[in-house]
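# Structural overview for review
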Amino acid sequence: MSNEAAREQSFTRRAFVLGGGMAAVGATLIGRMTWLSIFEGERYQLASEENRVQLRLIPPRRGWIVDRNGKPLALNKPDYRLELIPEQVVDLDATLARVTKILNLDFADELRIRADIAIQPRYMPVEVARDLDWPAFAALNVQVADVPGLQPVRAFARVYPDGDQFAHLLGYVGAPTPEQYREQKDPLLIFPGFRIGKDGIERHEDKGLRGTAGALKVEVTARGKVIRELGTRADKPGETLKLTIDRDLQNYAARRLGDNSASVIVIDCETGDILTMVSMPAYDPNLFSTRVPAKLWKELQENDHNPLLNKSAMGLYPPGSTFKLVTTLAALEAGVTPDQGVICNGRYRLGNNTWHCHSRRGHGHVDMHSALPKSCDIYFYQYGRQIGIDAIATMARRLGLGQKYELPLAGQAAGIVPDRAWKLKRYKKDWGIGETLNSAIGQGYIITNPLQLAVMTARIASGKAVMPRLMMPAGGAAPVFDSLGIPEAHLAIVRQGMFDVVNSGMGTARGARSPVGGIHIAGKTGTAQVRRITAEERRHGVKRNEALPWKQRDHALFVAFAPTESPRYAVSVIIEHGIAGGKYAAPIARDVLTYLFEPERALAALAPIEREVAARREENARLQALADTTQDQQALMPSWLRTDLVAPPTFEIADPDAPVPPRDDN
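Being a predicted model, the structure only gives us computed values, none of them experimental.

## Brief notes about the overall build of the protein
Check the secondary structure of the protein and you find 23 helices and 19 strands. Sorting the 666 residues of the protein into buried and exposed places 47% on the buried side. Nonlocal contacts in the protein, meaning residues at least 24 apart in sequence, comprise 74% of its contacts between residues at least 6 apart. For the protein, the exposed surface amounts to about 33300 Å²; the carbon and sulfur share of it is 54%.

As structure tokens, then:
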């Protein structure tokens with residue numbers, strides 16, 4: 001075979017192999033294209049559509065919280081923010097540099113952002129800036145639309161118009177935690193800027209207040225820039241929550257407390273509606289809903305007035321002489337008659353120990369009719385011992401002490417109503433007679449919270465098992481309460497005693513008399529000791545409360561109801577370390593009740609009190625500034641010139657014959 005023929009045969013063979021290979025490749029491509037277009041076409045069409053069209057969540061507007069008259073307590077305002085999602089960011093340094101050119105972020109802002117990125121999961125959004133004005137927000141939508149991880153957010157921020165006056169009641173909102181997202185798997189919880197309830201009613205009723213998210217359908221470029229909106233499914237706002245609280249009354253009570261560490265609660269005796277639940281001092285929930293500055297948080301924690309504690313529901317205090325209402329009813333039920341009495345000479349002997357009355361000179365002859373107005377300890381020692389602790393404890397529980405109530409509040413404190421079984425279980429010891437004496441006057445083991453004392457007063461005033469409520473029912477129907485099962489004659493004796501506490505010449509709360517014509521207030525004072533007065537102190541003259549450090553002073557309490565002829569409102573006031581219930585707590589209760597009947601008169605009485613508080617605050621601020629200046633100057637002085645490093649000797653001189661009572665109950 002010639003060379004030419006061989007080359008031709010080789011070329012033909014190669015051409016055949018190459019053609020066959022090309023045909024196989026073509027057939028494979030055609031088959032694959034057929035498979036993708038026919039069998040996988042719908043799948044890839046959907047994927048393409050997802051790349052071109054995005055569904056974006058629209059966070060729901062949080063439901064409003066309003067008072068009994070529809071006045072807003074918590075509402076929403078538009079809030080423009082910039083959020084950063086760390087897992088989507090390509091270059092964090094470049095991203096922050098670009099944002100800084102638009103928003104002028106400072107070094108502290110950058111440190112905060114980096115710290116948040118470091119401590120939380122990368123899928124959780126980090127707040128870059130909030131409360132942006134519209135020009136800045138519009139600029140961000142244009143200039144950072146193609147920056148991965150940055151997302152301008154148009155949302156609503158929670159606003160509390162009255163700030164700290166409702167802080168402990170309403171609580172506040174905040175960003176969800178990673179644990180909450182892992183538990184609920186709700187995409188809203190990782191939506192930039194979304195907030196949930198963190199405390200108070202906001203937390204307890206979060207599910208109803210949260211609402212349902214909407215969706216926005218938009219067309220985007222490959223870089224994620226929005227081209228146009230294709231459709232919207234509106235969000236469903238959360239439910240509007242109507243409380244039994246009276247906003248104006250709550251504001252007045254908070255202002256009336258001034259700088260005191262205190263609680264005021266007002267309950268409607270007919271419906272159980274809580275009209276006011278104030279705990280002061282408090283914090284600003286508007287700040288807590290964003291980011292609490294470290295300095296402010298430290299100040300709140302170190303404040304000896306406990307602004308973070310809801311004293312109304314979580315604070316626990318000895319009820320003091322307000323508990324004598326319980327002891328009186330227990331004595332009547334045990335068969336003690338109102339005309340039975342004792343001779344009070346200021347002291348009660350039990351074995352080798354002596355229990356004292358708040359009046360060192362004694363009250364003379366005291367029966368049940370005068371025991372409450374005079375608040376005679378000796379009377380209640382005698383008959384408390386006679387009926388025993390179990391009878392007293394049973395009556396206390398019937399009147400609402402020692403229990404929690406079904407209210408949208410977390411952390412209610414049940415307190416303690418002790419009896420023989422309680423002590424045996426708690427301390428493995430038998431109950432002592434001396435402990436009965438202490439309990440009969442509201443001291444010893446027994447502790448209550450202000451809410452329980454208000455409920456106790458409402459039950460005594462109405463004779464019914466009043467149950468407190470904070471939520472207005474949909475239909476507005478008033479509840480029907482069962483009778484306490486206490487004879488009306490017994491309740492009448494106690495109510496008369498409370499009337500005499502305020503309105504008779506021998507009462508301990510004459511300063512609580514109502515200034516409103518035709519309206520009478522009935523109440524009971526209480527002064528709860530926070531320290532034990534030793535025999536040595538009694539021999540050398542007990543210091544008056546005013547001379548003691550604030551933390552060692554007695555608590556001041558007062559419970560009351562009005563009008564006495566037809567009881568409608570019950571109130572409890574507790575002032576921590578307030579010295580004396582009749583002198584300091586009772587006038588506050590009087591003014592709060594006055595506001596319910598004649599608001600103008602109550603506001604007129606408030607004006608001089610607020611001026612005095614303002615002047616005292618200015619003076620304290622001046623003294624603090626002077627102390628800070630002196631401290632700074634002394635810090636610059638050499639130690640051998642400083643006189644403050646050596647404490648001078650202290651001397652205490654007391655008159656042993658001074659007629660100073662061990663505690664005041666007026």
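## What about the packing of helix 19 (residues 450–462) against helix 20 (residues 488–503)?
Each packed pair of helices is defined by two parameters, the angle between the axes and the distance between the axes. It is the contact of helix 19 with helix 20, at a shortest axis distance of 9 Å, that shows an interaxial angle of 115°. Facing Thr457, Ile460, Ala461 and Ser462 of helix 19, the residues of helix 20 in contact are Leu491, Val494, Arg495 and Met498. Among the residues forming the contact of helix 19 with helix 20, the class breakdown is five nonpolar, two polar and one charged.

## Considerations on the packing of helix 10 (residues 247–257) against helix 22 (residues 581–597)
Running from amino to carboxyl end, helix 10 crosses helix 22 at an angle of 155°, the nearest separation of the two axes being 10 Å. Here helix 10 is positioned roughly antiparallel relative to helix 22, judged by the angle of their axes. Here helix 10 and helix 22 pass one another in a crossing that is right-handed. Facing Asp248, Leu249, Tyr252, Ala253, Arg256 and Leu257 of helix 10, the residues of helix 22 in contact are Pro587, Ile588, Asp591, Val592, Tyr595 and Leu596. Looking at the contact of helix 10 with helix 22 residue by residue, the class counts come to nine nonpolar, no polar and three charged.

## Focus on the pattern of salt bridges
What the rule picks out here adds up to 30 salt bridges. The shortest N-O distance in the salt bridge between glutamate 179 and arginine 182 comes to 3.4 Å. Here glutamate 179 pairs with arginine 182, and both are found in helix 7 (residues 178–184), just three residues apart, close to one helical turn. With a closest N to O distance of 2.8 Å, arginine 255 and glutamate 610 form a salt bridge. Of the two residues, arginine 255 is situated in helix 10 and glutamate 610 in helix 23 (residues 599–635); the sequence distance between them amounts to 355 residues.

## A short note on the sheet that holds strand 18 (residues 555–562)
Across the sheet, five strands lie side by side as 12-11-19-18-17; this open sheet has antiparallel pairing. Looking at strand neighbours, the two that pair on one side only are strand 12 (274–280) and strand 17 (522–528), the edges of this open sheet. Sheet twist, expressed as the average angle between the axes of neighbouring strands with direction ignored, equals 10°. Here strand 17 runs beside strand 18; their pairing, made up of seven bridges, is antiparallel. Within the sheet, the bridge partner assigned to threonine 525 lies in strand 18 and is phenylalanine 558.

## Some details on the pairing of strand 14 (residues 347–350)
Residues of strand 14 alternate between two faces, with Tyr348 and Leu350 buried on one and Arg347 and Arg349 left unburied on the opposite face. As defined by bridge partners, strand 14 adjoins strand 15 (residues 353–356) across four bridges and the pair is classed as antiparallel. Residue pairing across strands places leucine 350 opposite asparagine 353, the latter belonging to strand 15. Between the end of strand 14 and the start of strand 15, which pair antiparallel, lie two residues, with glycine 351 showing a positive phi angle near 65°.

## Some words on the environment of valine 278
With respect to the helices and strands, valine 278 occurs in strand 12. Sequence spacing of valine 278 and asparagine 251 is 27 residues, and the spatial spacing of their C-alpha atoms is 8.7 Å. Beyond its immediate chain neighbours, meaning those up to four positions away, valine 278 contacts Gln250, Ala253, Ala254, Leu257, Ala262, Ser263, Val264 and Ser312.

## What about the confidence of the model for the protein?
Mean pLDDT over the protein works out to 84, with 86% of the residues at or above the 70 mark. Every residue in residues 645–664 scores below 50 in pLDDT, and together they form 33 contacts with partners more than four places removed in sequence or on other chains.

## Overview of the state of the cysteines
Counted by the stated rule, this structure contains zero disulfides. No disulfide involves cysteine 344; its sulfur sits 3.6 Å from the nearest other cysteine sulfur, which is in cysteine 376. On the accessibility criterion, cysteine 344 (3% relative accessible area) is buried.

## Examining a nonpolar patch on the surface
On the surface, Val25, Leu29 and Met33 cluster together into a nonpolar patch covering about 320 Å² of accessible area. In this fold, leucine 29 is placed in helix 1 (residues 3–39). Leucine 29 gets classed as exposed once you look at its relative accessible area, which sits at 52%.

## A look at unusual backbone geometry
The linkage connecting methionine 280 with the following residue, proline 281, adopts the cis geometry, with an omega of -5°. Summarising the element assignment, proline 281 is placed in the loop between strand 12 and helix 11 (285–288). Between alanine 562 and proline 563 the backbone carries a cis peptide bond, its omega angle lying at -15°. Here isoleucine 579, not a glycine, exhibits a phi torsion of approximately 85°, which is positive. Relative to the helices and strands, isoleucine 579 is located in the loop between strand 19 (569–575) and helix 22. Residue isoleucine 579 is classed as buried on the basis of its relative accessible area of 7%.

## Describing the environment of threonine 448
Within the secondary structure, threonine 448 sits in the loop between helix 18 (433–440) and helix 19. Classification of threonine 448 by relative accessible area gives buried; the value is 0%. For the pair formed by threonine 448 and alanine 313, sequence separation is 135 residues and the distance between their alpha carbons is 9.5 Å.

## Section: the packing of aromatic side chains
Tallying each qualifying case throughout the model produces 16 aromatic pairs. Their ring planes at 80° and their centres at 5.2 Å tell us that tyrosine 379 and phenylalanine 380 sit as a pair that is edge-to-face. Classification of phenylalanine 380 as buried rests on a relative accessible area of 1%. Each residue in the set Tyr172, Tyr283, Phe288 and Trp297 is aromatic and connected to the rest through ring pairs, giving one cluster. The residue whose ring lies beneath lysine 185 is tyrosine 181, and the NZ or CZ to ring-centre distance is 5.8 Å.

Cut-off values and rules
Residues numbered from 1 in each chain as written. Predicted model: local features only at pLDDT ≥ 70, side-chain atom pairs only at ≥ 80, totals over all residues. Heavy atoms only, no water. Helix = DSSP H or I, 4+ residues; strand = E, 2+ residues; numbered from the N terminus. Buried < 20%, exposed > 50% of the residue type's maximum accessible area, 1.4 Å probe, protein only. Contact = heavy atoms within 4.5 Å. Areas by Shrake-Rupley, 256 points an atom, 1.4 Å probe, with all protein chains shown as cover. Axes fitted to C-alpha atoms, helices over the stretch in contact; angles between N-to-C directions. Nonpolar A, V, L, I, M, F, W, Y, C, P; charged D, E, K, R; others polar. Parallel < 35°, antiparallel > 145°, perpendicular 65-115°, else oblique. Left-handed = near helix turned anticlockwise from the far one by under 90°. Salt bridge = Lys/Arg side-chain N within 4 Å of Asp/Glu carboxyl O. Pairing = 2+ DSSP bridges. pLDDT = per-residue confidence, 0-100. Disulfide = S-S within 2.5 Å. Patch = residues over 30% accessible without salt bridge, like charges linked within 9 Å, V, L, I, M, F, W, Y side chains within 5 Å. Phe/Tyr/Trp six-rings, centres within 6.5 Å; stacked < 30°, edge-to-face > 60°. Lys NZ or Arg CZ within 6 Å of the ring centre and 35° of its normal.

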